[in-house]
Amino acid sequence: MSIFLSVLRLAPAALKLELEEKLFGQHLATEVILKALTGFKNNKNPKKPLTLSLHGWAGTGKNFVSQIVAENLHSKGLKSNFVHLFVSTLHFPHEQHIKLYQDQLQGWIRGNVSACASSVFIFDEMDKLHPGVIDAIKPFLDYYEQVDGVSYRKAIFMFLSNAGGDLITKTALDFWRAGRKREDIQLKDLEPVLSVGVFNNKHSGLWRSGLIDRNLIDYFIPFLPLEYKHVKMCVRAEMRARGSAVDEDIVTRVAEEMTFFPKGEKIYSDKGCKTVQSRLDFH
Ligand SMILES: Nc1ncnc2c1ncn2[C@@H]1O[C@H](COP(=O)(O)OP(=O)(O)OP(=O)(O)O)[C@@H](O)[C@H]1O
């Protein structure tokens with residue numbers, strides 16, 4: 001078996017700086033991800049793999065963060081041989097093939113963790129995953145020292161989902177209407193509601209999942225809906241990424257083109273920061 005030389009690293013200070021600089025409007029995700037990863041990597045003998053479930057509406061930064069995390073764990077990020085991205089509608093589209101998908105997943109995960117103990121598995125569009133598929137990986141997430149001679153304890157699993165986005169938005173809106181700061185929202189205001197909400201949601205990919213009722217998910221991480229000011233930050237970031245000087249007129253024009261909800265107050269961007277890149281092409 002060829003032994004891959006993966007550059008495994010986690011520099012907490014660098015990850016903190018990157019999240020604080022690049023991720024807008026997500027103080028909870030920044031705080032929890034940093035704490036979870038730093039704690040996990042400092043633990044020389046974890047009892048189980050690290051399992052994170054990221055929840056929020058479209059365009060709020062879930063994929064964006066999973067890429068940043070992957071790059072901080074393995075230098076090539078999503079291009080690394082040790083980072084694996086599964087997209088429900090692409091890899092597991094047909095309900096009648098659930099048994100096949102379960103067998104495939106178990107084979108992929110066993111093979112990759114055998115090659116690299118600190119493999120990273122990202123499951124995107126969890127809310128579109130047929131119920132039961134994800135339970136195939138339950139044994140790998142549990143507190144077993146080894147499963148068939150392979151230890152999964154140093155692996156990391158990240159689930160990305162829109163499920164729970166409505167619950168998160170309701171809490172954010174309640175804070176807004178009460179005149180409270182967004183940054184005052186704490187994990188305790190959301191995590192309990194989120195885990196129960198997702199467990200009981202038939203369209204969450206984790207419906208009635210053993211992963212939740214066995215407490216195998218270490219952290220439920222809420223992504224808050226993005227406000228007008230965050231969209232402007234995304235436009236500026238994109239202009240800088242293109243090597244252009246930031247033109248505040250263009251920033252305002254692109255942000256104004258986005259649609260916001262609720263109808264009356266128009267606080268949160270319907271698409272988060274999605275479509276900002278393509279809209280900028282027209283300015
Ligand atoms: N909070 C954020 N801070 C900075 N940039 C963001 C943020 N959210 C989204 N973006 C920008 O928008 C792009 C699309 O966001 P991303 O793919 O992370 O959304 P998502 O939450 O995964 O959406 P979906 O649930 O539809 O997959 C990102 O690549 C990034 O450029």
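Keep in mind the model is a prediction, meaning the values are calculated, not measured.

**Describing the overall build of the protein**
And then number 1: Assigned secondary structure in the protein consists of 12 helices and seven strands.
And then number 2: Taking 2.2 N^0.38 as the reference for a compact globule, 283 residues should give roughly 19 Å; the C-alpha atoms of the protein span a radius of gyration of 19 Å, in line with that estimate.
And then number 3: Principal axes of the C-alpha set define a box for the protein whose edges measure 60 × 40 × 35 Å.
And then number 4: Here the protein holds 283 residues, and 51% of them are scored as buried.
And then number 5: For the protein, restricting intrachain contacts to residue pairs at least 6 apart in sequence, the fraction spanning at least 24 positions comes to 75%.
And then number 6: A total of about 13600 Å² of accessible surface is found on the protein, and carbon and sulfur atoms cover 54% of it.

**As for the environment of V198**
And then number 1: Within the element layout of this structure, V198 appears in helix α8 (residues 187–199).
And then number 2: Residues V198 and I212, 14 residues apart in the sequence, show an inter-C-alpha distance of 8.9 Å.
And then number 3: Not counting chain neighbours up to four residues away, the residues in contact with V198 comprise H55, A163, S204, L206, W207 and I212.

**Here's the deal with the UniProt feature "binding site: ATP" (unreviewed entry) in the protein**
And then number 1: Residues given the UniProt feature "binding site: ATP" (unreviewed entry) here are G56, W57, A58, G59, T60, G61, K62 and N63.
And then number 2: The topology assignment puts W57 in the loop between β1 (50–56) and α3 (62–73).
And then number 3: Since its relative accessible area comes to 33%, W57 is described here as partly exposed.
And then number 4: Filtering out sequence-adjacent residues up to four positions away, W57 remains in contact with K62, N162, G165, D166, T169 and F261.
And then number 5: Relative to the elements of secondary structure, N63 occurs in helix α3.
And then number 6: Given a relative accessible area of 31%, N63 falls into the partly exposed group.
And then number 7: When sequence neighbours within four positions are dropped, the list of residues in contact with N63 reads D124 and L160.

**Let's talk about the sheet that holds strand β2 (residues 83–87)**
And then number 1: Ordered by their spatial adjacency, five strands build an open sheet running β2-β3-β4-β1-β5, and the pairing between neighbours is parallel. The outermost strands of the open sheet, each flanked by one partner alone, are β2 and β5 (219–223). For this sheet, the mean inter-axis angle between neighbouring strands, taken without regard to orientation, is 15°.
And then number 2: Two strands pair when backbone bridges link them, and strand β3 (residues 120–124) and strand β4 (residues 156–161) are joined in this way by four bridges, in the parallel orientation. The residue bridging I122 from the neighbouring strand is M158, located in β4.
And then number 3: Most of the contacts of helix α2 (residues 27–42) go to β5, to which it runs at about 150°, and overall it touches β1, β4 and β5.

**Focus: the pattern of salt bridges**
And then number 1: All chains considered together, the criterion is met by 13 salt bridges.
And then number 2: Put simply, R177 and E265 hold a salt bridge, and the shortest N to O gap is 2.8 Å. Note that R177 is positioned in helix α7 (residues 165–177) and E265 in the loop between β6 (260–261) and β7 (268–269), a separation of 88 residues in sequence.
And then number 3: Between E238 and R242 there is a salt bridge whose closest N-O contact spans 2.8 Å.
And then number 4: Assessed through its relative accessible area of 16%, E238 is described here as buried.
And then number 5: Look at the salt bridges and you will find they share partners, linking E238, R242 and D281 into a network.

**Focus on the site of the ligand**
And then number 1: Close to the ligand lie 18 residues, the nearest being F24, G59, K62, N63 and K274.
And then number 2: Separating an oxygen atom of the ligand from a backbone N or O atom of F64 is a distance of 2.8 Å.
And then number 3: In this structure, an oxygen atom belonging to the ligand sits 3.4 Å away from a side-chain N or O atom of Q277.
And then number 4: Notes on the ligand: free accessible area 620 Å², of which the protein chains cover 84%.
And then number 5: Here the residues of the shell around the ligand are counted per class, giving eight nonpolar, seven polar and three charged.

**Looking at the domain arrangement of the protein**
And then number 1: Partitioning the protein into domains gives domain 1 (12–223) and domain 2 (228–281).
And then number 2: Taken over C-alpha atoms, the centre of domain 1 sits 27 Å from the centre of domain 2.
And then number 3: Counting residues at the interface gives 11 residues for domain 1 and 13 residues for domain 2.
And then number 4: For the pairing of domain 1 and domain 2, the buried interface totals around 1000 Å² over both sides, and the portion due to carbon and sulfur atoms is 69%.
And then number 5: In terms of surface lost to domain 2, no three residues of domain 1 exceed F24, G59 and W176, which account for 45% of the buried area on that side.
And then number 6: Our count for the domain 1 to domain 2 interface comes out at one salt bridge.
And then number 7: Grouping the amino acids of the side of domain 1 that touches domain 2 by side-chain chemistry returns six nonpolar, three polar and two charged.

Quick notes on the rules
- Residues numbered from 1 in each chain as written.
- Predicted model: local features only at pLDDT ≥ 70, side-chain atom pairs only at ≥ 80, totals over all residues.
- Heavy atoms only, no water.
- Helix = DSSP H or I, 4+ residues; strand = E, 2+ residues; numbered from the N terminus.
- Rg over C-alpha atoms; globule rule 2.2 N^0.38 Å.
- Buried < 20%, exposed > 50% of the residue type's maximum accessible area, 1.4 Å probe, protein only.
- Contact = heavy atoms within 4.5 Å.
- Areas by Shrake-Rupley, 256 points an atom, 1.4 Å probe, with all protein chains shown as cover.
- UniProt positions renumbered as here; feature names shortened; annotations may be inferred.
- Pairing = 2+ DSSP bridges.
- Axes fitted to C-alpha atoms, helices over the stretch in contact; angles between N-to-C directions.
- Salt bridge = Lys/Arg side-chain N within 4 Å of Asp/Glu carboxyl O.
- Near = heavy atom within 4 Å.
- Polar contact = N/O pair within 3.5 Å; in protein donor to acceptor, adjacent residues only side chain to side chain.
- Nonpolar A, V, L, I, M, F, W, Y, C, P; charged D, E, K, R; others polar.
- Domains from an automatic or database assignment.
- Buried area = accessible area lost by both parts, 1.4 Å probe.

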